[in-house]
Amino acid sequence: MDSRKIQELLRKANEALKNSYAPYSGYRVGAALLTKTGKVYTGSNIENASYGLTICAERVALFNAVNEGEREFIAIAIVSDDPSTPPFPCGACRQVLAEFSPSMEIIVKKGDEVIIKNLKELLPYSFDFK
Ligand code: THU
């Protein structure tokens, strides 16, 4: 991916983070998802007083996109409040992303360093029965 596109996705993820609803953990997350058709869908984490009902930023972005008819994804950029810890997606989000695009790129930051991993590296042998 070209670096301007990567920077654009990170910027949009940071914009989305501002809408995060995270009163319980205080840990805000933003995600920006690039579709094969060139569109970008964003999401932020939305927490709940019943903690387990919380949804991660990545799945909000993905479900937004799928709900609009998108099915193929190139990359997702994820940012959080904590610049020292790269916010790699949780296991549940990896599986949900892999449903649609098992070879998409995952973009996170550790300080100023941009880290890009293929989803296949983060979730080898994802569950699939098709
Ligand atoms: N969270 C995400 O948004 N994405 C992840 O991949 C892991 C965790 C959110 C959920 C919760 O609101 C907060 O981070 C702390 O776990």
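Residues numbered from 1 in each chain as written. Predicted model: local features only at pLDDT ≥ 70, side-chain atom pairs only at ≥ 80, totals over all residues. Heavy atoms only, no water.

## Focus: the packing of helix H2 (residues 57-67) against helix H3 (residues 91-100)
Where H2 contacts H3, the axes come no closer than 10 Å and their chain directions differ by 25 degrees. Between H2 and H3, the angle is such that the two are roughly parallel. Judged by the sense of rotation from one axis to the other, the crossing of H2 with H3 is left-handed. Touching Glu58, Arg59, Leu62, Phe63 and Val66 of H2 are Ala92, Cys93, Val96, Leu97 and Phe100, all from H3. For the contact of H2 with H3, the residue count by class is eight nonpolar, no polar and two charged. (Axes fitted to C-alpha atoms, helices over the stretch in contact; angles between N-to-C directions. Helix = DSSP H or I, 4+ residues; strand = E, 2+ residues; numbered from the N terminus. Parallel < 35°, antiparallel > 145°, perpendicular 65-115°, else oblique. Left-handed = near helix turned anticlockwise from the far one by under 90°. Contact = heavy atoms within 4.5 Å. Nonpolar A, V, L, I, M, F, W, Y, C, P; charged D, E, K, R; others polar.)

## Some remarks on the site of the ligand
The environment of the ligand is made up of Ser25, Tyr27, Val29, Asn45, Glu47, Thr54, Cys56, Ala57, Glu58, Phe88, Pro89 and Cys90. Contact between the ligand and Glu47: an oxygen atom at 2.5 Å from a side-chain N or O atom of the residue. Residue Glu58 places a side-chain N or O atom 2.8 Å away from an oxygen atom belonging to the ligand. Protein burial of the ligand: of its 370 Å² of free accessible surface, 76% is covered by the chains. Within the shell around the ligand, the residues separate by chemical class into seven nonpolar, three polar and two charged. (Near = heavy atom within 4 Å. Polar contact = N/O pair within 3.5 Å; in protein donor to acceptor, adjacent residues only side chain to side chain. Areas by Shrake-Rupley, 256 points an atom, 1.4 Å probe, with all protein chains shown as cover.)

## Some points on the nonpolar core
One recurring pattern in soluble globular proteins is that nonpolar side chains are buried together. Formed by 20 residues in total, the largest nonpolar core has its most connected members in Leu33, Phe73, Ile76, Leu97, Met104 and Ile106. Within the residue set of this core, elements represented by two or more residues are strand E1 (29-35), H2, strand E3 (73-80), H3, strand E4 (105-110) and helix H4 (119-122). With five residues, H2 is the single largest residue contributor to this core. Those residues in contact with Phe73 that sit more than four places away from it in its chain are Leu33, Leu34, Thr35, Lys36, Leu62, Ala65, Val66, Phe100, Ser101 and Met104. Among the nonpolar cores identified, the runner-up in size contains 11 residues, and Leu10, Ala13, Leu17 and Val79 belong to it. (Core = buried A, V, L, I, M, F, W, Y, C linked by side-chain atoms within 4.5 Å. Buried < 20%, exposed > 50% of the residue type's maximum accessible area, 1.4 Å probe, protein only.)

## Notes on the sheet that holds E4
Strand order in this open sheet of five strands is E2-E1-E3-E4-E5, and the pairing throughout is mixed. Lying at the two open borders of the sheet, with one neighbouring strand each, are strand E2 (40-44) and strand E5 (113-118). The mean angle between the axes of side-by-side strands here comes to 20 degrees, regardless of whether they run parallel or antiparallel. Across five bridges, the pairing between E1 and E2 is antiparallel. Paired with Leu33 across the strands is Tyr41, a residue of E2. Lying on the sheet, helix H1 (residues 3-17) is in contact with E1, E2, E3, E4 and E5; it crosses E1 at an angle near 140 degrees. Set on the sheet, H2 makes contact with E1, E2 and E3; between it and E2 the angle comes to about 140 degrees. (Pairing = 2+ DSSP bridges.)

## Topic: the UniProt feature "domain: CMP/dCMP-type deaminase" (unreviewed entry) in the chain
Those residues carrying the UniProt feature "domain: CMP/dCMP-type deaminase" (unreviewed entry) are residues 4-130 in this numbering. The distance separating the terminal C-alpha atoms of residues 4-130 is 36 Å; by composition the span is 31% helix and 25% strand. (UniProt positions renumbered as here; feature names shortened; annotations may be inferred.)

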